[in-house]
Amino acid sequence: MPRRTSQMLRFIVVGGSIAGVACAYALQAAGHNHGGIRSPPNMTRLLNHWGLGPAISRVAIKANRFTFMDGKSGEELGTLVLHEKLMKALAADFLYIQHGALHTIFVEYAKNAGVQFRYNTEVVSVDPWKGMVIMRNGAKLSADVIVGADGYRSVVRPVVVGPEGVKGVLDKRVSVNITVPTDLMRQHKDLVKLTVSPEWSLWLGDDCATHGLLTKVDPRSLKKEYAVVMHVPTDGKPAPNSWDRSQPLDKKFLKLDRFEPRIQKLVGLAQTMTPTGHTIYEPFDNWVHESGKVVLVGEAAHPLMPNGSHNAAMSIEDAMTLSTLFLSQHLNRIQLRQPRCAATQASELRKRDFICLPLGPDQQLRDDGLRDARARALLDWDDAEEEFLRDTWEEYIDLFAFDAQKRWRIGGQNGGRLYRARGW
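Residues numbered from 1 in each chain as written. Predicted model: local features only at pLDDT ≥ 70, side-chain atom pairs only at ≥ 80, totals over all residues. Heavy atoms only, no water.

Trainee: Help me understand the overall build of the protein in this model?
Mentor: Looking only at helices and strands, one finds 13 helices and 20 strands in the protein. For the protein, buried positions account for 55% of its 424 residues. About 19,200 Å² of surface is accessible on the protein, with carbon and sulfur atoms providing 50% of the total. (Helix = DSSP H or I, 4+ residues; strand = E, 2+ residues; numbered from the N terminus. Buried < 20%, exposed > 50% of the residue type's maximum accessible area, 1.4 Å probe, protein only. Areas by Shrake-Rupley, 256 points an atom, 1.4 Å probe, with all protein chains shown as cover.)

Okay, here's the thing in structure tokens:
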């Protein structure tokens, strides 16, 4: 952990989700005071650095590959194998973790580090010049620095970025969360494989997609759930933008007729769904208020598409960066993360749209490309062609190899040994 500084700063972290508790923990560990997730290697590496590895291992499942299937027929189109040599070089695994489990771990560790939590305390406004937050009940709290980690619908964001913080373009698709107990799935022979497989499975439908992965419910038992995400078109209708409002399952809304019987059966085992809309923002120019007393992190600073692979990862990278910058008294330098976060935002949307192509020439070209690459993807890392590895892995490794603690990554200019990896 970073060394504690001689000058103790007081922080208020607004927001109690992953970004907020991760920042609270990282800042406290750096010596300051303050009031169903995919964990890619760039996130797992930081969790390990903070000493959370043992706790995470009890609640996580280690991924071994990503499998792409035709949504209607179930035909396997292609795969992306997380080769052992590659993951060893990255020095961190790709994990599946329930959101609640990760949040619980952060809260426990943050409390043990001395973080003070205020529950049921809604911040309604911020005075950036006084370093003050005002609660709905009229109470006021002051600190040296206010960290806006209050997510996608941030109250703090407009204070820092101005009117641009509330302007954006509605996404043409909505993301839907569904969870299914594996106990129910095991009663159906064609779903049993999904209850034990560490694969991240993706079904590519007509203008929509479904993907699912296995998560642990309780580390003290063998109980698991299958976490399903569906990306479906909004058909021009407004979608809810809340993560915590579930509603009865609606098969027509989910376009289930565009998927194979196995997916229809799987989703039909659930009782509820949680649809989440999304507004796409242009990257914000500034994350730090001119007073130097308010800073944005996580989805407040760079709102990502719901249910991507890097929502939690970017927030945790922000937390690590923020704690490091306060050790060196260089808060404004957090904005050096803007290019990475903007590139990640674009990458997540691009990958989502890739798996959601409507039927037609582009979809056929995508599927043919996946089929053509499948045999080569299954080869051992050392047996694969370097050009194929480069084409397949370049963007992933730009994301996965980044180390927010060291501000160093294996990719980019070191590309030669990155892909062949024989020297690792």
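Trainee: Please clarify how helix α11 (residues 361-377) should be interpreted in this entry.
Mentor: Given 3.6 residues to a turn, an α-helix orients residues that are three or four positions apart in the same direction. Over its 17 residues, α11 runs 24 Å from end to end, which matches the ideal 24 Å to within 8%, given 1.5 Å per residue. If you check which residues of α11 are buried, you get Gln363, Arg366, Asp367, Leu370, Ala373 and Ala377. On the buried face of α11, the contacting elements are β5 (65-70), β6 (76-81), β14 (200-205), α10 (338-355) and α12 (386-400). (Expected span 1.5 Å × (residues − 1). Contact = heavy atoms within 4.5 Å.)

Trainee: Whenever I open this one, the packing of aromatic side chains confuses me. Can you help?
Mentor: Centre-to-centre distance and the angle between the planes together describe a pair of aromatic rings. Using the criterion set out here, one finds twelve aromatic pairs in the structure. On the basis of an interplanar angle of 65° and a centroid distance of 5.1 Å, the ring pair of phenylalanine 66 and phenylalanine 94 is categorised as edge-to-face. Of this pair, phenylalanine 66 sits in strand β5 while phenylalanine 94 sits in the loop between α4 (84-90) and β7 (95-97), and the two are 28 residues apart along the sequence. With respect to burial, phenylalanine 66 and phenylalanine 94 carry one shared label: buried. (Phe/Tyr/Trp six-rings, centres within 6.5 Å; stacked < 30°, edge-to-face > 60°.)

Trainee: So what exactly am I meant to see when it comes to the nonpolar core here?
Mentor: For soluble globular proteins, nonpolar side chains are generally found buried alongside one another. Ranked by internal contacts, the top residues of the largest apolar core, which has 58 residues, are Phe66, Ile178, Met230, Leu254, Leu266 and Trp393. Here the element with the most residues in this core is α12; it accounts for seven residues. Leu9, Ala143, Tyr152 and Phe326 belong to the second largest nonpolar core, which has 36 residues in total. (Core = buried A, V, L, I, M, F, W, Y, C linked by side-chain atoms within 4.5 Å.)

Trainee: Sorry, what's going on with the sheet that holds strand β17 (residues 247-248) here?
Mentor: Sheets are built from strands paired through backbone hydrogen bonds, the pairs being either parallel or antiparallel. Sheet architecture is open: eight strands sit in the order β6-β5-β14-β15-β16-β13-β18-β17, paired in mixed fashion. Edge positions in the sheet fall to β6 and β17, since each of these pairs with one other strand and no more. As paired elements, β17 and strand β18 (residues 272-276) share two bridges and run antiparallel to each other. Following the sheet pairing, glutamine 247 is matched in β18 by methionine 273. Running at roughly 50° to β6, α11 makes contact with β5, β6 and β14 of the sheet. (Pairing = 2+ DSSP bridges. Axes fitted to C-alpha atoms, helices over the stretch in contact; angles between N-to-C directions.)

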